[in-house]
Every structure is written in C-alpha cells, then in structure tokens.
Amino acid sequence: MIIRASLLDAPTPDTLRFVEDGILIVDHTGTITTSGPASELLTEALLTEDEVFDAPKDARLLCLPGLIDLHTHLPQYPVVARCEEALLPWLKRHIFPAELDFQGPGQRSLIEAFFDELLANGTTTAVLYAAVWEDSTALAFEIAAEKGIRAVIGKMMMDEGSYGEAHPAEARRKSLDETRRLAEQWHGANNGLLDYTVSPRFAVTCSMELMKEAAAIAADTGCLIQTHLSENTAEIAAVRERFPDRSSYTDVYREAGLLGPRSIFGHAIHLSDRELDLLASSGSRVAHCPTANLFLNSGLCPLHSLRQAGIPVGLGSDVAAGPELNLWQVMRSAIETQAVRRMQDGSIPVLNPADALYLATMGGATALGKDHLIGSLDPGKEADLLLLDLNRVLPLGGRFSPPSDANAIATALVYRGGPHATLATFTRGRRNSRR
Ligand SMILES: [Zn+2]
C-alpha cells in the first residue's frame, strides 16, 4: 500500500516532523517500510502500483499516526453531557443506571456505533472500560475485532457499592472469576490487536481483597491494569475513610499491588509529592483526562509535575465524564488547562499543540508500552494511520488559507479537528470498516 500525502507526526514532546509532499509505504504485514519526501522516494515502479486511496479531488490529504485514547468508558457514551456538580453524585444518578443496562446481545448496535464513532474521530487505539457484565465485555472484544481497531478492554470490577445486586463476597468472587476468564480468552487476541486490562473501578467501590486478587490476575495473565486515582476531593476523602491505615490514595493501590509499568491511572490530579514518587518509582502510567476534569469540576491536572517526575502520560476522553470522543478537543482542553494554571502561576510551562499531539500519539503509545509498535510514522512501526482532509479543518474549506508550516497545521488540527475531516483510518495497514 502506498499513500501520497502530507505526513505529520510528533515522535517526541518537542519534535514535529512534517513532509509536505510525502510517500508512505506499507508492506503486506501492515508494517511501514518507508516514509519520506516524494521527491526522493517516488520511482517509476511506484507510480505503476495500484492507487491506494481515493481522496476527494480537492482534498489536501494529511497522514498522521492514528490517535490513542488512553481512558474511556464504552457503556457511558449515550449519557454524555449529563450535568452534575461532582463525580460521586454523577456516578450514582447517571452512570450506574447506564452501566446496569449494558448487558445482553442487544448491546451490539451500541457497541458497533461506539467503535464507528471512535474511528470517525481518528482514534485507532482505545483503552476502554466496559460495565460489570461479562457478556457485553466479550461482545465488545468481538466487535472490536470485526472493526479491526486496536483496543484494550476490561470488565468493570466492583464489590462494594456496586450496581450489581450480589452480596459483596459473592460479587467479588463473580467479578474475579469473570475477569480471569475474559483475560485468558482475550489478552493478545486478534493477532495482538486486542488486549485485556484488569479494571477495578476505584478504591471507593473496591475492597482491598478484590484489588489484591485483581493485581494477581494481571500478574498471572500478563494483562494490563487500569483504575481511577485522585480525581476529585470528595472521592479522595471517601478513600481516606475506607482505608484509614494507608497514608494516601496512591498508597492504597501500592498496598493492593496495583502499581507498576503495566498500570494506567486515570486523572491523578490531586497528588502529593510522595504519591508522585510512588507512581514514578513503580513505573506507573497516567491517563490525563482534561475535558472530564473540567466537566465534573474535578480540578486542573498538574501535568508538568507528573511529567517532571518521569511518569509516562497520555490523553483520555473519559466519556461520559468527558463530553465527547474527539481527541482533538481533549488536546485543546489539555492546552487550556495548563494555560489557566499558568495564569495563576507563571512558572507553569506552556503546553503547545505539537506536544499535545505527542501526548495523543507517541505519549499514549509509550504509556501503553506499545511505543515500539505505534505512535509515529517511523519505518518499522505498524501502520496505524489517520488520513484526513486538511481543507475540512481550515476555515472556509481552506480556500483562503495559504499552505502553512507544521506548527500551524498542528494548531489548526487541535483547535478545529474532528470527524468532519476524517477520510479513513487504518490499523496495522488495514482500513477499518466503518458504517
Ligand atoms: Zn473514567
């Protein structure tokens, strides 16, 4: 497969690579073999190859690495934008009922629509929570395979304050049995495009016993771990009350054995220096979810403190606390969150669009431990790609916008990107099916 387009990627936080007229070649295994300027790479032999991609005639084709959503909730998408002042009442009033309904084969159309929406937004890798139900979690894996998307999915685990009706001990046993079964069946499935992630919701609805057993399943099966950490002050107070012997929220997860390089913690807003040390020294990862943090009045994440501590960070849409799956809007929100912090404290560094694009591509890949596979357009990587029409991002169809440099393009994407610009997505070189 050969793509002739402008090429743009952000392999490091401060590098933006741009080739205005580029060529990208993908071999039959879905690996990028070549990427660079057409003037150097375009040969007679290449020109005789079948045309790969039928772009609309007036399109300005731009090829990027597929976006990586490091934290979102599949069953919650129908109830986005339900206004509530804070996390805990919002969960009870809007989210638990939606997750309670997410069971049975009837969920197929919702799951298909959800993956279509992710792909329409240019997201080719997503780390997802399902609900507590085993059947709909398995169905999500099946449909992810049909769509050809790269996905990391986990059944939500809770044994206390759950919307399941079981007694805590019974809920715990069921949750652990189902999690182990799903992990054994789906971790590494579809030739490695699918992974399982053990997913205790958070320490407010999980017993220490459940969390310890969850960590053991992850260790046994080699799958990932995801949970929520330090999102909101009332949540932190509830954790302190539930685990008075532990020195902090992060220390609860340390005690449970949940910290480590295969673990992704959503939010991580209100952490002490000691907690940052615990995360960093254990190699733990963070999903920064700025749209969600603002929607639920949770706080302004000190992104630079996390990164300065050496914690790998990517971005999450965190639907339905975040109002949309559009990662360009999440990038914009990440920039604006740091801008507001900087208005209060001039020492806070600026987050620029190039770095935001890094967070949504290579940053996410690194946090997932997949930076050797995805996240940039380097030869040797698997071809997870987003092809979009830059004219649909620029004002007035691009008719009055002269060609611009890499930074200007990245900025236009962050502030105006979305499904309206997406032409196609590819995972490991294969075009994703989308209605
Ligand atoms: Zn979440």
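### Focus: the overall build of the chain
The secondary structure content of the chain amounts to 16 helices and 16 strands. Taken over the C-alpha trace, the chain has a radius of gyration of 21 Å; the compact-globule value for 435 residues is 22 Å, and the two agree within 12%. Principal-axis analysis of the C-alpha atoms places the extent of the chain at approximately 70 × 50 × 35 Å. The buried share of the chain, reckoned over its 435 residues, is 52%. In the chain, of all internal contacts separated by at least 6 residues, the share reaching a separation of at least 24 is 75%.

### Looking at the sheet that holds strand β2 (residues 15-26)
In spatial order, the strands read β3-β2-β1-β4-β14-β15-β16; together these seven strands make up an open sheet with mixed pairing. Edge positions in the open sheet fall to β3 (32-37) and β16 (430-431), since each of these has one partner strand only. In this sheet, strand β15 (residues 422-427) lies alongside strand β14 (residues 385-389) in antiparallel orientation, the contact comprising four bridges. Within β15, the residue paired with Leu386 across the bridge is Thr425. Along the sheet, helix α16 (residues 406-416) contacts β1 (2-12) and β2; its crossing angle with β2, the most-contacted strand, is approximately 85°.

### Remarks on the domain arrangement of the chain
Partitioning the chain into structural domains gives domain 1 (2-65 + 375-431) and domain 2 (67-367). Once you take the C-alpha centre of each, domain 1 and domain 2 turn out to be 30 Å apart. With 27 residues of domain 1 at the interface, the matching set in domain 2 holds 27 residues. Of all the secondary structure elements, the ones that give two or more residues to the side of domain 1 that touches domain 2 are β1, β14, α16 and β15. Of the residues forming the side of domain 1 that touches domain 2, the biggest block, six residues, is contributed by α16. Split by residue class, the side of domain 1 that touches domain 2 holds 12 nonpolar, 10 polar and five charged.

### As for the pairing of β15
Across two bridges, β15 lies against β16 in antiparallel orientation. Residue pairing in the sheet places Thr427 in a bridge with Arg430 of β16. What sits between β15 and β16 in their antiparallel hairpin is a turn of two residues, with Arg428 showing a positive phi close to 45°.

### Considering the pairing of strand β6 (residues 123-129)
Of all seven residues in β6, seven are buried; the element is thus mostly enclosed. Bridge analysis of strand β5 (residues 67-73) against β6 gives five bridges, and the strand direction is parallel. Paired with Ile68 across the two strands is Thr125, which belongs to β6. Two elements, β6 and strand β7 (residues 150-154), share five bridges in a ladder whose sense is parallel. Paired with Tyr129 across the strands is Gly154, a residue of β7. At this point the chain moves from β6, through helix α5 (residues 134-147), to the parallel β7, and the crossover so formed is right-handed.

### Overview of the packing of α5 against helix α6 (residues 168-186)
Axis separation between α5 and α6 bottoms out at 11 Å; the angle between their running directions is 15°. Judged by the angle between their axes, α5 and α6 are roughly parallel. Where α5 crosses over α6, the handedness of that crossing is right-handed. Where α5 approaches α6, its residues Glu134, Thr137, Ala138 and Phe141 are matched on the opposing element by Glu178, Leu182 and Trp186.

### Side note on helix α10 (residues 249-256)
Within α10, six of the eight residues are buried, which leaves it mostly tucked inside the rest of the structure. Every buried residue of α10 is listed here: Tyr249, Thr250, Val252, Tyr253, Arg254 and Ala256. Looking at the buried residues of α10, the elements they touch are α8 (208-221), β10 (224-229), α9 (233-242) and α11 (273-282). Of the residues one or two after α10, Gly257 is the one with positive phi, at around 85°.

### Here we look at the environment of Glu275
Along the chain, Glu275 turns up in helix α11. Exposure remark for Glu275: the 21 C-beta atoms within 10 Å place this residue in the buried category. As a C-alpha pair, Glu275 and Ala309 span 34 residues in sequence and 10 Å in three-dimensional space. Apart from residues lying up to four places away in sequence, Glu275 is in contact with Ser248 and Thr250.

The rules behind these values
Residues numbered from 1 in each chain as written. Predicted model: local features only at pLDDT ≥ 70, side-chain atom pairs only at ≥ 80, totals over all residues. Helix = DSSP H or I, 4+ residues; strand = E, 2+ residues; numbered from the N terminus. Rg over C-alpha atoms; globule rule 2.2 N^0.38 Å. Buried ≥ 20, exposed ≤ 12 C-beta atoms within 10 Å, placed from the backbone. Contact = placed C-beta atoms within 7 Å. Pairing = 2+ DSSP bridges. Axes fitted to C-alpha atoms, helices over the stretch in contact; angles between N-to-C directions. Domains from an automatic or database assignment. Nonpolar A, V, L, I, M, F, W, Y, C, P; charged D, E, K, R; others polar. Right-handed = clockwise from strand over helix to strand, strands pointing away. Parallel < 35°, antiparallel > 145°, perpendicular 65-115°, else oblique. Left-handed = near helix turned anticlockwise from the far one by under 90°.

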